[in-house]
Amino acid sequence: MAILPMKRIHIYALLKDRKPILEALQQFGSVQVNNLQADEFFIKNDISEDLTNAEHNMAMVDEALTILETYAPEDKSLLDSLKGRQELSLKAYEDMESKRSEFQQMAERIRFLDRRIAECTAEMHKLQVQIDALTPWSKLDIPLQFQGTRSSSAFIGTLPGEVSLDGLLVKLAHLIPEVEATHVDIISKTKEQTCIFALCHRKDAVAVEGALRALGFARPPVSASNLPPARQIAESEEKYKVLAQESEEAKSEIIGFAGERESLKLLFDWLTMKIERLETAGFLLESNRILMISGYIPEREIEKVVPALKSRFIVHLEIEDPDDDEEVPILLENNKFVEPVEGVLASFSYPGKGEIDPSAIMSIFYYILFGLMLSDAAYGLIMAIGCGLCLWKFPNMEKGMRKTLRMFFFCGLSTTFWGALFGSWFGDVVSVVSTTFFNKPISVEPLWFEPMKDPMRMLVFSMVVGIIHLFAGLAANIVQNVKAKQYKDAFYDAVLWYLLVGGLIVFALSSRKFVEILNLNFIVPASIGRIASIVAAVAAAGIVLTAGRESRNWFKRIAKGLYGLYNVSGYLSDILSYSRLLALGLATGVIATVINQMGAMGGNNIAGIILFIVVFLVGHAINLGINLLGAYVHTNRLSFVEFFGKFYEGGGSEFTPLGVHTKYYKLKEETNHG
Amino acid sequence: MDNLGMFFALSGAVLAALMAGIGSAIAVGMAGEAAAGVVTDDPSKFGKVLILQLLPGTQGIYGLLIAFLTLTQIGVLGGTSDISLVKGLLYFVSCMPMAIVGLWSALRQARASIASIALVAKRPDQAGKAIIFPAMVETYAILALLISILAVTGIGGLNI
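Residues numbered from 1 in each chain as written. Chains lettered and ligands numbered in written order. Predicted model: local features only at pLDDT ≥ 70, side-chain atom pairs only at ≥ 80, totals over all residues. Heavy atoms only, no water.

### With respect to the overall build of chain A
How we decide: Where helices and strands are cited, they refer to DSSP runs of H or I of at least four residues and of E of at least two residues respectively, numbered from the N terminus. Our radius of gyration looks at C-alpha atoms and nothing else; its globule reference is 2.2 Å times the residue count to the power 0.38. Here the term buried applies to any residue with accessible area under 20% of the maximum for its type, exposed to any over 50%, and partly exposed to those in between, with areas from a 1.4 Å probe on protein chains only. Every residue pair with non-hydrogen atoms within 4.5 Å of one another is taken to be in contact.
If you tally the helices and strands in chain A, you get 22 helices and 12 strands. Against the compact-globule benchmark of 26 Å for 674 residues, chain A has a radius of gyration of 41 Å, which places it well outside the compact range. If one aligns the C-alpha atoms of chain A with their principal axes, the spans along those axes are about 130 × 85 × 60 Å. In chain A, buried positions account for 47% of the 674 residues. Taking all contacts inside chain A whose residues are at least 6 apart in sequence as the whole, residues at least 24 apart take part in 80%.

### Considering the overall build of chain B
The line we're drawing: All accessible areas in this document rest on Shrake-Rupley with a 1.4 Å probe, and a residue is counted as covered only by the protein chains that are shown. A positive count includes Lys and Arg, and a negative count includes Asp and Glu. His and the chain ends are not counted in either. Taken as the charge centre is NZ of Lys, CZ of Arg, CG of Asp or CD of Glu, depending on the residue.
Looking only at helices and strands, chain B has five helices and zero strands in total. Tracing chain B from N to C terminus, the helices and strands come up as α-α-α-α-α. For chain B, the C-alpha atoms occupy an extent of roughly 60 × 20 × 20 Å along the three principal directions. Expressed as a percentage of the 160 residues in chain B, the buried residues total 48%. Taking the intrachain contacts of chain B between residues at least 6 apart in sequence as the baseline, contacts between residues at least 24 apart amount to 86%. Entry remark: accessible area of chain B is about 7,200 Å², with carbon and sulfur atoms responsible for 69%. Charged side chains in chain B number 8 positive and 7 negative. The centres of these two groups are separated by 13 Å.

### Considering the pattern of salt bridges
Residue and element names in this part refer to chain A. Test applied: Any carboxyl oxygen of Asp or Glu that lies within 4 Å of a side-chain nitrogen of Lys or Arg is treated as forming a salt bridge with it.
The final tally for this structure, using the stated rule, is 34 salt bridges over all chains. When the shortest N-O distance is used, the salt bridge between E69 and R261 registers 3.4 Å. You can see E69 sitting in helix α2 (residues 48–71) and its partner R261 sitting in helix α8 (residues 261–281), a full 192 residues away along the chain. By relative accessible area, which is 27% here, E69 ends up partly exposed. With relative accessibility at 6%, the residue R261 sits in the buried group.

### Remarks on α2(A)
Residue and element names in this part refer to chain A. Worth spelling out the cut-off: The length a helix should cover is 1.5 Å for every residue beyond the first.
Here α2 contains 24 residues, and its C-alpha end-to-end distance of 35 Å stays within 8% of the 34 Å for a straight helix at 1.5 Å per residue. Buried residues of α2: L51, A54, N57, M60, V61, A64, L65, I67 and L68, and no others. Buried positions along α2 lie against α4 (90–134), α7 (229–256) and α8.

### Examining the confidence of the model for chain B
The test is simple: Per-residue confidence from the predictor is reported as pLDDT, which spans 0 to 100.
When pLDDT is averaged across chain B, the result is 89; 97% of the residues are at 70 or more. For this predicted complex, the interface score ipTM comes out at 0.79, while the overall pTM is 0.82.

### Comments concerning the packing of aromatic side chains
Two measures describe an aromatic ring pair: the distance that separates the ring centres and the angle between the ring planes. Residue and element names in this part refer to chain A. Heads up, the condition is: Any pair of Phe, Tyr and Trp rings, taking the six-membered ring for Trp, is counted once the centres come within 6.5 Å. Such a pair is stacked with planes under 30 degrees apart, edge-to-face with planes over 60 apart, and tilted for the rest.
This structure, assessed with the given rule, holds 35 aromatic pairs over all chains. Pairing W448 with F461 gives two aromatic rings, centres 5.0 Å apart and planes at 85°, and the pair type is edge-to-face. One end of the pair, W448, is in the loop between α14 (429–438) and α15 (455–483); the other, F461, is in helix α15, and 13 residues separate them in sequence. W448 gets classed as partly exposed once you look at its relative accessible area, which sits at 37%.

### Focus on the domain arrangement of chain A
Where interface size is quoted, it is often the accessible area lost as the parts come together. Applicable threshold: Note that the domain bounds were set by an automatic or database domain assignment.
Under the domain assignment, chain A is made up of domain 1 (146–221) and domain 2 (359–427 + 434–646). Put simply, the middle of domain 1 of chain A and the middle of domain 2 of chain A, counted by C-alpha atoms, are 90 Å apart.

### Description of the interface of chain B and chain A
Using the following cut-off: Once two parts are joined, some of their accessible surface, as seen by a 1.4 Å probe, is lost; buried area is that loss totalled over both. The term polar contact refers here to a pair of N or O atoms within 3.5 Å; inside protein, the definition further demands a hydrogen-donor-capable atom paired with an acceptor-capable atom, and it admits residues adjacent in sequence only when both atoms are side-chain atoms. Under the convention adopted here, Pro, Cys and the residues Ala, Val, Leu, Ile, Met, Phe, Trp and Tyr are nonpolar, Asp, Glu, Lys and Arg are charged, and Gly plus all remaining residues are polar.
Every contact between the two is made by 24 residues of chain B and, on the other side, 27 residues of chain A. Where chain B abuts chain A, roughly 2,300 Å² becomes buried across the two surfaces, and 83% of that area is made up of carbon and sulfur atoms. If you sort the residues of chain B by the area they bury against chain A, F68(B), I142(B) and L146(B) come out on top, with a joint share of 21%. Counting the contacts that link chain B with chain A gives zero salt bridges. Summed over the shared surface of chain B and chain A, the number is four residue pairs in polar contact (both at pLDDT 80 or more). Residue assignment for the side of chain B that touches chain A shows that the elements contributing at least two residues are α2 (46–54), α3 (58–73) and α5 (127–155) of chain B. The element that contributes the greatest number of residues to the side of chain B that touches chain A is α5(B), accounting for 15 residues. Taken together, the residues of the side of chain B that touches chain A sort by class into 19 nonpolar, three polar and two charged.

### Some points on helix α22 (residues 606–643) of chain A
Over its 38 residues, α22(A) runs 52 Å from end to end, which matches the ideal 56 Å to within 8%, given 1.5 Å per residue. Between a side-chain oxygen at the N-terminus of α22(A) and the backbone nitrogen of A607(A) the separation is 3.3 Å; the capping residue is N605(A).

### Focus on the side chain of H620(A)
Residues and elements named next belong to chain A. By the element assignment, H620 lies in helix α22. According to the relative accessible area criterion, H620 is buried, its value standing at 4%. In this view, H620 contacts Y379, F426, A592, I595, N596 and V615; residues no more than four positions away in its chain are not counted.

### Things to note about the sheet that holds strand β6 (residues 182–189) of chain A
Residues and elements named next belong to chain A. Just so we agree on the cut-off: Being paired, for any two strands, means DSSP has found at least two bridges between them. Here the axes come from fitting lines to C-alpha atoms, over the contacting stretch only for helices, and the angles between their N-to-C directions go from 0 to 180 degrees.
What the three strands build is an open sheet, ordered β5-β7-β6; its pairing is antiparallel. The sheet terminates laterally at β5 (152–160) and β6, the two strands that pair on one side only. Direction aside, neighbouring strands of the sheet carry axes that sit 20° apart on average. Across the face of the sheet, helix α5 (residues 165–175) comes into contact with β5, β6 and β7 (193–201) while running at roughly 140° to β6. Contacting β5, β6 and β7, helix α6 (residues 205–214) runs over the sheet at an angle of about 5° to β5.

### Considerations on a nonpolar patch on the surface
Residues and elements named next belong to chain A. Here is the rule we go by: Here a patch means residues that are over 30% exposed by relative accessible area and free of salt bridges, tied together within 9 Å if like-charged and within 5 Å if nonpolar (Val, Leu, Ile, Met, Phe, Trp, Tyr).
A cluster of nonpolar side chains, I606, I609, I610, I613, V614, L617, V618, I622 and I626, forms an exposed patch at the surface whose accessible area comes to about 820 Å². The topology assignment puts L617 in helix α22. A relative accessible area of 55% places L617 in the exposed class.

### Observations regarding the state of the cysteines
For clarity, the threshold we go by: Disulfides are defined as cysteine sulfur pairs within 2.5 Å.
The full count for this structure, using the stated rule, is zero disulfides over all chains. The closest cysteine sulfur to the non-disulfide-bonded C195(A) is located on C200(A), 19 Å from its own sulfur.

### Here we look at unusual backbone geometry
Residue and element names in this part refer to chain A. Positive phi values are uncommon outside glycine, yet F426 reaches one of about 50°. Its place among the elements puts F426 in the loop between α13 (399–422) and α14. Phi angles above zero are rare outside glycine, and K485 is one such case at about 60°. Looking at the secondary structure, you find K485 in the loop between α15 and α16 (487–509). Here K485 falls in the exposed class, since its relative accessible area comes to 62%.

### Description of the nonpolar core
This is how the line gets drawn: To qualify as a nonpolar core, a set must consist of buried Ala, Val, Leu, Ile, Met, Phe, Trp, Tyr and Cys residues joined through side-chain atoms within 4.5 Å.
Membership of the largest hydrophobic core comes to 103 residues, with the highest contact counts inside it found for M362(A), Y366(A), L372(A), M407(A), L581(A), F644(A) and L145(B). Among the elements that make up this core, the one with the highest residue count is α15(A) (11 residues). Those residues within four positions of L145(B) in sequence are excluded, and the remaining contacts are A583(A), Y62(B), L65(B), I66(B) and M98(B). L22(A), F28(A), A54(A) and I297(A) belong to the second-largest nonpolar core, a separate cluster that totals 28 residues.

The structure is reproduced here in structure tokens:
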């Protein structure tokens, strides 16, 4: 349970065994290799070039897989992520060694084809623009650059707007009455422009051009070819077809590779493993013949790893205890009830030097607090059944996913429990439905009490839960100090605070006014209250004397002690902070009630029933989502700030062994700590 | 002028929903802009930044909660609606903590959220801690909610 004990391991081996030893360690997945410092005898192997190559290859395979996904998408459903990775034998990985250049070429080919398709598409786009520009001229059977013959001048170009032949001739006659003969052809016309061909005697060229310009004449953009437009169009279309064909062929060639997707994935995984080994190889020291590996290994893995290494290689192994002040990497192990919150703990921090694994005590309160905040039995059942079904249906699920689902499964159970106690099933849906549609009010009685009707009672209960939570944190503080044999610290930092806060609470409970505010139906006898007040005063004096005990100077010490006592206000705000249990619990219930009332507004008829069903489904889905988020965030907060504040700082680093961290396939007999 | 009490009570309820709602809308919008920026760079962070974006959205819900609670108490949603002027004013002030703190804390929480989104963008492994910073601000919205709830539910029993 809890933090697994770690040992230091040193492996001395022959240099020629470097690769197989690293492969073996990777498959065990239970040694974290340390980065050693080179000295005058041992040097480090320069792996940067191999590493760059492998990373380049991996990027290419990754790109090829993305390209394949674009042209031949894989059938994927949401549930696939629950199924977990497929298992593959070690042999398939070993076979990769011989086949990888073939697959690597395939990845390169896929990437090449994809680039080619992009080039073709760009070229085709350009051709299309050309064709579009030439289409209005397609009826012209001479080149666009045609300027005229020896005795004639030709004008080929556009006029703005739609112009008729007669209209144009009339305008020209008006502008240049002196010109006798001008021949004009309308090639094509649209609303935007009219394409014309005009021919005149060479001597009139200047006059005609001037007249045409006055009408807005513009020559078409210069084209490289001096073929007639129709021929140019035909040529471009031909090119376009060839390119389209090529791009189609490239596409179908890529799609043809879809069957090899699995091989590429395998290659990707193989490269991932290789890169991890290479990175580790950079941590090792070597002389001409000898290889030196140093790292951490969990104690219980030793009996598995050591004999296996000894039987396969010529090695010398040394196992030793880490030094007392050494920062050892942390590997947690807990049972199935506690394990799910390890993820939440990791998102805060792993236990630092001398700290206990708080997962066990944290998990119990985590589930309870979460349930209190969501506090709707139906929502809880949905969570528990949903997560339970997924866990049951997909036994091969990834470990991290399974932990998360299991956490929400337990949170769901707790939510159901508290929801039933507080009588909330989708808010008040039973009474709303029975009143609206059956005219017979039925209400689900809470097993305990309804927070909506008696918020003061719920507030007191929330704070009681808070006090228990905080005291559990103090208890953990004692355990931690006792384990480190710091009995004095345990007494000063935890027991005194127990006495002070506990004494103050009991004293408060003996005051009539306080009891009346909280609406309690009992009162602590005055005599006990007096004893409690004395206990609290003694504890307070103790705290003033000891909180600054690291200072030698008595004046400083007392000043620090007084500041330490000021922390009692911290306890007050910590306890008040648990009022969020009431607020968030009510939020779920009240919003659920609003949804039910909105749904029931349609009354008892067909339309009303349909309205109710729609509002019910959408509304409760949203409410569940929002409050799930709220409950998660604030449970984390109460755990991190109020609870951990009493004993836990974290700061440890995670145990990250050399192992198999593949993306697509799972190696059989893989022992994964991830 | 007999129903002036009702007018004040309803104004309080509406203001709670209105101000807290406006605060959350602006806040979620601001955080959303930051979150979208992060997702352009790395779509895999969507889940993490979405949570951070949603955090300042709760004030609006609390405002709705207080508004609804008040509406049921004063009988707008069925029941008797006989509210004296004094009680009406009491309901009005009871709604104010949620309305004002809701608006302000949502805006402040948005800034903490945006900072946390930037944190997650650079160090996605610290998402757990990043959530705590905006959640700290929310504490005060929750405290305001608490006082508003206690006050609104308590007024009905007063003998004035």
